[in-house]
Amino acid sequence: MFHEYKDVVGNGDQAVVFFTPECMYPITVAAGEIFNNRFGSFRHDNMIGLKYGSKIVAHDGRGFAYLLHPTPALWTQIVPHRTQILYLPDISFISLYLDLRPGKVVIESGTGSGSFSHSIARTIAPSGHLYTFEYHELRAQTAQKEFVDHKLASVVTIEHRDVLAGGFGKSDIADAVFLDLPAPWDAVSAAKEALRKDAIGRICTFSPCIEQVQRTVVALDEHGFSDIRMFECLAKDHEIREVPLPDIAEAIGGRKANFRGTKHERKRRRHDTGTSTPDESDRPSVDAVVSKPLDEARGHTSYLTFAILAADSRT
Ligand code: SAM
């Protein structure tokens, strides 16, 4: 479900009930069930047969929502947090730099809440495979259930295992390794063992402190990794606005630029003055859509340390 798409909602399918970007709920559509929240009650029977993206209205007439197809990006926004999780800016960056694409074999630890696991699975499906390792037993069981419910079991294998104590139990199979755990430097040797010997292997570690990065870099260097680079992903929001452009003819004529207001402002002006016909200021619009970066970049999550292992560095 999370790595393939279908048009129509069926009995037993996953869906995301979207009210606002801050208010979304994952559900499994089941005949006879009712989804209740403060916006009203929604019969699952009314959802079956609808196209994903359809508007659904509460049967007690109070509210409405949209029924969305589940995706890893939506899941990251609604996953029940058992741990800190990776968010989309880091997920996108790591996926790109680890060269993840269909057919790749990836090793991840720890699984945590499975936020990144869902994106990895979608990116490498259907022919690739993710082996993900988590030493907290309940977290491993919960993630396993979600992978099955989300029909990702053919792409993801989760193992309850302490990778710092026992490695990954894998040799010469992975194209990429991703480590989000407290002491990644202690897993570098196991990562090297797991990476394919006949191709370039890629590793990324995710650590909040620069001291952790330093220890990881030393371990990577000692184990023959090269091209070691560190990045920090800071998301910066942009405000998108429609702004009126000055009238070119008047600007060339040396007169004060005539800011006519946005389309909405001109309509409002006509309404306020009771004019129904367009006036001079209603000539075809030359409004421009501009994007202005907001001052603040959203805060530090972690440092991303990348390295590669050349095919011949293990012979
Ligand atoms: N990247 C995950 C996500 O996006 O949901 C979050 C990972 S969470 C921050 C770190 C996880 O690593 C925790 O669940 C923890 O139990 C697990 N962990 C820590 N040490 C471990 C070890 N030695 N072996 C396996 N898992 C470990």
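Residues numbered from 1 in each chain as written. Predicted model: local features only at pLDDT ≥ 70, side-chain atom pairs only at ≥ 80, totals over all residues.

**Some remarks on the overall build of the chain**
At step 1: Along the backbone of the chain there are ten helices and 15 strands.
At step 2: Every one of the 315 residues in the chain was classed for burial, and the buried ones make up 31%.
At step 3: Nonlocal contacts in the chain, meaning residues at least 24 apart in sequence, comprise 62% of its contacts between residues at least 6 apart. (Helix = DSSP H or I, 4+ residues; strand = E, 2+ residues; numbered from the N terminus. Buried ≥ 20, exposed ≤ 12 C-beta atoms within 10 Å, placed from the backbone. Contact = placed C-beta atoms within 7 Å.)

**Section: helix α5 (residues 137–149)**
At step 1: In this model α5 runs 18 Å from its N-terminal to its C-terminal C-alpha over 13 residues, within 8% of the 18 Å that 1.5 Å per residue would give.
At step 2: On the buried face of α5, the contacting elements are α4 (115–124), β8 (129–134) and β9 (156–160).
At step 3: Positioned one or two residues after α5, K151 has a phi angle of 60°, which is positive. (Expected span 1.5 Å × (residues − 1).)

**Observations regarding unusual backbone geometry**
At step 1: Going from S109 to G110, the amide bond is cis rather than trans, its omega being -10°.
At step 2: Structurally, G110 can be placed in the loop between β7 (105–109) and α4.
At step 3: Omega for the bond connecting A125 with P126 falls within 30 degrees of zero, at 0°, which places this linkage in the cis form.
At step 4: Here P126 is to be found in the loop between α4 and β8.
At step 5: A positive phi is found at K151, a non-glycine position, where the angle reads about 60°.
At step 6: With respect to the element layout, K151 can be found in the loop between α5 and β9.

**Focus: the nonpolar core**
At step 1: One finds V106, A121, L130, V177, F178, A191 and A194 to be the most contacted residues of the largest nonpolar core, which totals 49 residues.
At step 2: Apart from residues no more than four positions distant in its own chain, V177 is found in contact with I107, A191, A194, L195 and I203.
At step 3: Of all hydrophobic cores here, the second largest spans eleven residues; its members include V16, F35, M47 and I56. (Core = buried A, V, L, I, M, F, W, Y, C linked by C-beta atoms within 7 Å.)

**Looking at the site of the ligand**
At step 1: With respect to spatial proximity, 22 residues lie near the ligand, and among them L86, G110, G112, S115 and Y135 are the closest.
At step 2: Taken together, the residues of the shell around the ligand sort by class into nine nonpolar, nine polar and four charged. (Near = placed C-beta within 6 Å. Nonpolar A, V, L, I, M, F, W, Y, C, P; charged D, E, K, R; others polar.)

**Re the confidence of the model for the chain**
At step 1: With 90% of its residues at a pLDDT of at least 70, the chain reaches an overall mean of 90.
At step 2: Our summary of model confidence lists the complex with pTM equal to 0.84 and ipTM equal to 0.99. (pLDDT = per-residue confidence, 0-100.)

**Regarding the pairing of strand β3 (residues 34–37)**
At step 1: By the bridge criterion, four bridges tie β3 to strand β4 (residues 40–43) in an arrangement that is antiparallel. Directly across from F35, in β4, lies its bridge partner F42.
At step 2: Where β3 hands over to β4, the hairpin turn is made up of two residues, counted between the paired strands. (Pairing = 2+ DSSP bridges.)

**Quick look at the sheet that holds strand β1 (residues 14–20)**
At step 1: Taken in spatial order, the four strands make up an open sheet running β2-β1-β6-β5, and their pairing is antiparallel. Unpaired on one side and paired on the other, β2 (23–28) and β5 (55–57) mark the two borders of the sheet. Sheet twist, expressed as the average angle between the axes of neighbouring strands with direction ignored, equals 35°.
At step 2: In this sheet, strand β6 (residues 64–68) lies alongside β1 in antiparallel orientation, the contact comprising three bridges. Residue pairing in the sheet places V17 in a bridge with L67 of β6. (Axes fitted to C-alpha atoms, helices over the stretch in contact; angles between N-to-C directions.)

**Describing the sheet that holds strand β10 (residues 176–179)**
At step 1: Taken in spatial order, the seven strands line up as β9-β8-β7-β10-β11-β15-β12 in an open sheet, and their pairing is mixed. Only two strands of the sheet have a single neighbouring strand rather than two, namely β9 and β12 (226–232). Mean inter-strand twist for the sheet, computed between neighbouring axes without regard to direction, equals 15°.
At step 2: Alignment of strand β11 (residues 201–207) against strand β15 (residues 303–309), held across seven bridges, turns out to be antiparallel. Residue pairing across strands places T205 opposite T305, the latter belonging to β15.
At step 3: Sitting on the sheet, helix α3 (residues 88–97) touches β10, β11, β12 and β15, and the angle it makes with β15 is about 10°.
At step 4: The strands touched by helix α8 (residues 210–222) within the sheet are β11, β12 and β15, with β15 carrying the most contacts at an inclination of about 5°.

**Some points on the environment of Y97**
At step 1: By the secondary structure assignment, Y97 is in helix α3.
At step 2: The class for Y97 is partly exposed, based on 16 C-beta atoms found within 10 Å.
At step 3: Counting along the chain gives 209 residues from Y97 to F306, while the straight-line C-alpha distance between them is 7.8 Å.
At step 4: Residue contacts for Y97: discarding those within four places in its chain leaves C204 and F306.

**Focus: the pairing of β6**
At step 1: Here β6 shows a clear split, with A65 and L67 buried on one side and none of F64, Y66 and L68 buried on the other.
At step 2: The pairing of β5 with β6 spans three bridges and is classified as antiparallel. Looking across to β6, one finds that K55 is bridged to Y66.

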